[in-house]
Amino acid sequence: MRIEIVMPKLGESVMEGTVARWLKEVGAPVARDESVLEISTDKIDTDVPAIESGILTEILIAEGTTVSVGETLGIITTDGEEVLVETDNIDEQKPDQERSPVINIHVNQEDIAISTIIPPSRDRFYSPLVRRIARQEHVSHHELDTIHGTGINGRVTKNDLLGYLKVQTKESSSTEKPLRSDQEMNRPYDLNVADITTMNNVRMSIAEHMVRSKRISPHVTSVSEVDMTDLVRYREKVKEAFLKKEGFKLTLTPFFISAIVDALRKNPIINASLDGDNIVMWKHVNFGMAVGLDKGVVVPVIQHAEAMNFLGLARSAFDLATRAHARRLSVDEIQGGTFTLTNPGMWGTLFGTPIINQPEVGILATGAVKKRLEVMEDETMAIRSIMMMSLSYDHRLVDGLNAARFTESVTQNLEIFDYDQIGL
Amino acid sequence: MIKSTYLEAITSGLREEMVRDENVFCLGEDIGAYGGAFKVTQGLLDEFGEDRVMDTPLAESAIIGAAMGAALMGMRPVAEMQFADFITTGFNQLVNNAAKTYYRWGAKVPMVVRCPSGLLPNAGPFHAQNPEAWFFRVPGLKIVAPSTPYDAKGLLKAAIRDNNPVLYFEHKDLYRDKAISQELPSDDFIVPIGEAFIRRPGVDITIISYGKMVHKSLEAAELLSEDGIEVEVLDLRSLLPFDKNMILESVKKTSRLLIVHEDTLTGGIGGEMAAIIADEAFEFLDAPIRRVAAIDTPIPFSSPLESYFLPNTEKIVIALRDLAAY
Amino acid sequence: MSIEAAPPATEADIRDNDLDEFGLNRADYRTLFSTMFLQREFEERIYRLFRQGRLEGAAYAGAGHEAIAAGSGYALAAQDVLVPMHRVIGAHFLRGHTPRDMMCQYMGRANGPTRGRDGNMHCGDWEKKIVGMTSHLGANIPVAVGIALASKLRRENLVALTYIGEGGTSIGDFHEGLNFAAVRKLPMVLIIENNKFAYSTPTELEYACENLVDRAHGYGIPGVLIDGTDVRSVYQSTTEAINRARNGDGPTLIEAKCTRLQGHAQHDNASYVPDEVLKDGQKNDPVLKAEDIMIADLHFTSEEISTIKAEMVEAVDDAVSFAEKSPFPAPEDALLDVYAD
């Protein structure tokens, strides 16, 4: 049985001691309570008696060495039964307590879904209470940003948020349609006629957004045609040079964006939002381009598009679309939009009736470009590339006249494009 | 039902407990023939004799220590500090002896120390303090601070019947305040230690307060009501232990909290409560937790200094309005 | 070893049952000597355990105080209350705290008198009428006063016995408590254990009067000056004071002079004590003096003495092994019992 000789703690503030003199040699027998060595501390010099009889088999700390209280100085080996060596090390007595407690943090899946999409706004402060209510009521941060605040410095208070939510529910139909799609299907079915999976977060988010958008905005969709012939020819002509120069393909998209941004500048009511009773005329055009992915739609936003030239828009659009497909968009890049372009024409659709991306008031869908036989102004016939274009707008704010002016502006811009600005 | 002032409620509470239990006795300076500096014990000497209404030498440490010794023996002493300010000369007996005895070696110390506390006009630095914060952090002590005659009587009885050392802070300026007199039941009643009370229900802001400041808070709440802001006033009544659940419930309802106490700001018990609520009700707060308290100075004597020092209805109203607008 | 469990009377004890001039018989002396030797053996063992690293905290032995501890403790009746300080562990033994109890107490075990809540001899047990001491020496004087007060108010026949060092007489509570007891003629006895040093402070830096017992006159109470190394004097003077208190004549101040034979605590080597003081103290070692009385006056044989000593050593051995096998309290037990129900 090995018994440790330890440096004793002889006073409250004594933290260490020095081995002054070993009174026994290695191999010497010691009797119980016989002094084995002398130590000295700040407060007192004294001897250390053996706890049990045996042989001093090891001297671990040499004379003149200072060690901390509790350190092992030497070993006495006894034969025979076990001797209890209590070293007062309370940690040893209770090994379970040494492990620090495992802290269980329960994370709400829902919370992650929403908060990973949108981080706290840099500009506005939301109190813990407001954030909690927003989270529980599925009010995205984007939406929070649009709520009018009556607190200090325009802070959104609890009552502001609750008021906003009340307005949302009031505007829904009288039969209290729930958000998202927790509307149950009325058709019973058994499991061998269908496979069932739960919607993932992205899907749920989209579903919720679509229902809400339709509930909030009275949608009107107006359709017009654009003669894209010149533009299509131009593109054909320059596309190789463009690819060589820029490193990516020139599509019709930047033309659309450029035309629309200019039209928005001329028709600012389309680049606005409604906040309760307030009309919010955005100072910038933050242009959203809808990108279809397998999972669903994502709308990256070109911030301050009005300040970009064609090439800037082209590059930006390409970059965002690429990263959208690679799922590498940052959260900043999918918020703050003031108008959205969607392109169902890419898949051959003639025209669509798109749903407004809240809190915007307009969304433009470009259809497929089709070669048609057209009757021209001078009443000759020609084969032209024609595209249908549909604008859904929020009739709370936008009337037919505004909408018409806007689409006319877009049409003009596309039919008579200023190719010089491209610089090719 | 008997109409009582705050002071009369204390006297009758003492008296009833002394009748009910022969182990209850009073000790303190000038409490016998003189009836106490504030006349709380007036008449008790005649009724119970000098063994049970004992005039002691001027020796707070001995008073409190002897109370502990008598309590160990199974008596229920009610010691009086002539002014709460003088409790510091018996601090060690309370904090190191009485408070730690049951924990250390299992002997009960059923004693009460009555402390007339709080500001009387121009009482100055040594006759007006609210010392509860010194004791709030001593496990083993209990602390109560009634604001109404009903609570004064009920809490005193509860304190006397409690098997732990209890500090009983009676606010001197409430003693004879006719405005708060109440009809008290003539049969036995107690107010349990550890329970708060909603003096005024509201929805917009919660005030937590105790002692005389409860009444100032109620005045302020009335004024805010004229502006359509309904303030809930929660009277703590017990400071240690305090009614955390009721506080949390109220804050969850109103989401704005103002703590009001007559004690000075820094190190006053309001800070500890604010920390607990910020921790446990963080997601229910729509505004920062604020406090209205006395300024961090010794208590000045001259009237203009004193009124600058003290919290009052006006200061509470300003704080409430700020909170409401946040 | 409690009064009830005193060592069994031997034939010689029964034969020689008469009380001597100090009011003690042979069995009493056996108990007194056993207690004193037990205190000495127990506390030396405590110091040794510290040096072996087997004890935590601090220890303040009463070497030199054994006569005060045993003599005064023995004078108490069953209903009286002991309010001890730190150098009278012998009185604990007499009132029913066993060596096992005290060793578990020192070792912070769950089955010690304070269940690990306080250390060394800071333990009390109301059922044994022992009040747990506080480190603020003197703070328990007003508590003893309160106990005596309750005794008087209830017309009980109970006396409170408490102690203070000559250093502790400087604290305010000494004055406040003694004055209160004197004014109200309370049944209390206060023994000043004057061992010449308050930690390292000698008496000339502690008080200016010739003898501390002179202060009794200032309080209007009797004062008695005794040799604290003579167990008979201690027993006799304490008995008289207790009787006086029981008769309603109020408190007595006893000053018992002795010498502290070790440092203030186990970490103090007391190098400030002048050699001649220590040598004189060792010459007047109360345990040796008691042994002399046992042999010379009571005619105990050396075998009987050896047997007593061996029994006490065995009691301490047993206490150590029992305590070292005893469980520690569970960590979360720290939260329990802050308040009584």
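Residues numbered from 1 in each chain as written. Chains lettered and ligands numbered in written order. Predicted model: local features only at pLDDT ≥ 70, side-chain atom pairs only at ≥ 80, totals over all residues. Heavy atoms only, no water.

Examining the overall build of chain C
When helices and strands are tallied, chain C shows twelve helices and seven strands. For chain C, the proportion of its 341 residues judged to be buried stands at 61%. Across chain C, contacts joining residues at least 24 apart in sequence account for 73% of those joining residues at least 6 apart. A total of about 12700 Å² of accessible surface is found on chain C, and carbon and sulfur atoms cover 50% of it. (Helix = DSSP H or I, 4+ residues; strand = E, 2+ residues; numbered from the N terminus. Buried < 20%, exposed > 50% of the residue type's maximum accessible area, 1.4 Å probe, protein only. Contact = heavy atoms within 4.5 Å. Areas by Shrake-Rupley, 256 points an atom, 1.4 Å probe, with all protein chains shown as cover.)

Notes on a nonpolar patch on the surface
On the surface, a nonpolar cluster with roughly 560 Å² of combined accessible area is contributed by M185, Y189, L191, V193 and I196 of chain A. Within the element layout of this structure, V193 of chain A appears in the loop between α5 (158–171) and α6 (201–216). (Patch = residues over 30% accessible without salt bridge, like charges linked within 9 Å, V, L, I, M, F, W, Y side chains within 5 Å. Salt bridge = Lys/Arg side-chain N within 4 Å of Asp/Glu carboxyl O.)

Digging into helix α3 (residues 60–72) of chain B
Helical geometry note: an α-helix holds 3.6 residues per turn, so side chains three or four residues apart project in the same direction. Residues and elements named next belong to chain B. For α3, with 13 residues, the first-to-last C-alpha span of 18 Å sits near the 18 Å given by 1.5 Å per residue. Along α3, 13 of the 13 residues are buried, which leaves the element largely enclosed by surrounding structure. Following α3 by one or two positions, G74 adopts a phi angle in the positive range, close to 100 degrees. (Expected span 1.5 Å × (residues − 1).)

So, the confidence of the model for chain C
Caution applies to low-pLDDT parts of the model: their predicted coordinates are not meant to be read in detail. Looking at chain C, the pLDDT average stands at 93 and 97% of residues meet or exceed 70. Among the prediction metrics, the complex's ipTM stands at 0.88, with pTM recorded as 0.69. (pLDDT = per-residue confidence, 0-100.)

What about the interface of chain A and chain B?
Across the boundary between the two partners, chain A contributes twelve residues, which contact eleven residues of chain B. It is P128, R132 and R155 of chain A that lose the most area in chain A upon contact with chain B, and together they represent 43% of the buried surface on that side. Counting the contacts that link chain A with chain B gives two salt bridges. A salt bridge links R135 of chain A to E283 of chain B, with the nearest nitrogen and oxygen atoms 3.2 Å apart. Element by element, the count of residues in the side of chain A that touches chain B is highest for helix α3 (residues 128–136) of chain A, at five residues. Considered class by class, the residues forming the side of chain A that touches chain B number five nonpolar, three polar and four charged. (Buried area = accessible area lost by both parts, 1.4 Å probe. Nonpolar A, V, L, I, M, F, W, Y, C, P; charged D, E, K, R; others polar.)

Some words on the side chain of N140 of chain C
For N140 of chain C, the location among the structural elements is in helix α6 (residues 140–153). Accessibility expressed as a relative area gives 7% for N140 of chain C, which makes it buried.

Some thoughts on the pairing of strand β2 (residues 24–28) of chain B
All names here are of chain B. By the criterion of burial, β2 is predominantly enclosed, with five of the five residues buried. Burial of β2 is two-sided: the residues V24, C26 and G28 facing one way and the residues F25 and L27 facing the other way are all buried. Across five bridges, the pairing between β2 and strand β4 (residues 76–80) is parallel. Bridged to L27 within β4 is A79. When β2 meets strand β3 (residues 53–55), the two strands line up parallel, connected through three bridges. From the neighbouring strand, G28 faces β3, where its bridge partner is D55. (Pairing = 2+ DSSP bridges.)

Regarding the pairing of strand β3 (residues 188–194) of chain C
Residue and element names in this part refer to chain C. In terms of burial, β3 is largely enclosed, as seven of its seven residues are buried. Here six bridges tie strand β2 (residues 160–165) to β3, and the two strands are oriented parallel to one another. Each residue of the ladder has a partner; that of I164, found in β3, is I192. As a crossover connection, the stretch from β2 through helix α7 (residues 172–183) into β3 is right-handed. Where β3 meets strand β7 (residues 252–257), six bridges bridge the pair, whose relative direction is parallel. (Right-handed = clockwise from strand over helix to strand, strands pointing away.)

Looking at the interface of chain B and chain C
Each side of the interface is counted separately: chain B has 40 residues, and chain C has 42 residues. For the pairing of chain B and chain C, the buried interface totals around 3400 Å² over both sides, and the portion due to carbon and sulfur atoms is 60%. Our count for the contact surface shared by chain B and chain C stands at two salt bridges. Across the salt bridge formed by R155 of chain C and D51 of chain B, the nearest N and O atoms sit 4.0 Å from each other. Counting across the interface, chain B meets chain C through 24 residue pairs in polar contact (both at pLDDT 80 or more). Elements supplying a minimum of two residues to the side of chain B that touches chain C: β2, β3, α3 and α4 (91–105) of chain B. Looking at the side of chain B that touches chain C element by element, the count peaks at nine residues for α3 of chain B. Counted by class, the side of chain B that touches chain C contains 20 nonpolar, 13 polar and seven charged residues. (Polar contact = N/O pair within 3.5 Å; in protein donor to acceptor, adjacent residues only side chain to side chain.)

Digging into the side chain of D21 of chain B
All names here are of chain B. For D21, the position within the fold is in the loop between α1 (6–20) and β2. Here D21 falls in the buried class, since its relative accessible area comes to 19%. Among residues more than four places away in sequence, those in contact with D21 are R52 and R76.

So, the sheet that holds strand β2 (residues 16–22) of chain A
Paired through backbone hydrogen bonds, the strands of a sheet run either parallel or antiparallel to each other. Residues and elements named next belong to chain A. Spatial strand order, β5-β4-β2-β7: four strands in an open sheet with antiparallel pairing. Where the open sheet ends on each side, the last strands, each with one partner, are β5 (45–49) and β7 (66–68). Within this sheet the neighbouring strands show an average axis-to-axis angle of 40 degrees, counted without direction. As paired strands, β2 and strand β4 (residues 35–40) are joined by four bridges and run antiparallel to one another. What sits directly across from R21, in β4, is E38. (Axes fitted to C-alpha atoms, helices over the stretch in contact; angles between N-to-C directions.)

Focus: the packing of helix α8 (residues 244–254) of chain B against helix α9 (residues 269–280) of chain B
Residue and element names in this part refer to chain B. Interaxial distance between α8 and α9 falls to 11 Å at its minimum, and their mutual angle equals 60 degrees. Our classification of the angle between α8 and α9 gives oblique. Crossing geometry of α8 relative to α9 is assigned as right-handed. Seen from α8, the contacting residues are K244, I247, L248 and V251; seen from α9, they are I276, I277 and E280. (Parallel < 35°, antiparallel > 145°, perpendicular 65-115°, else oblique. Left-handed = near helix turned anticlockwise from the far one by under 90°.)

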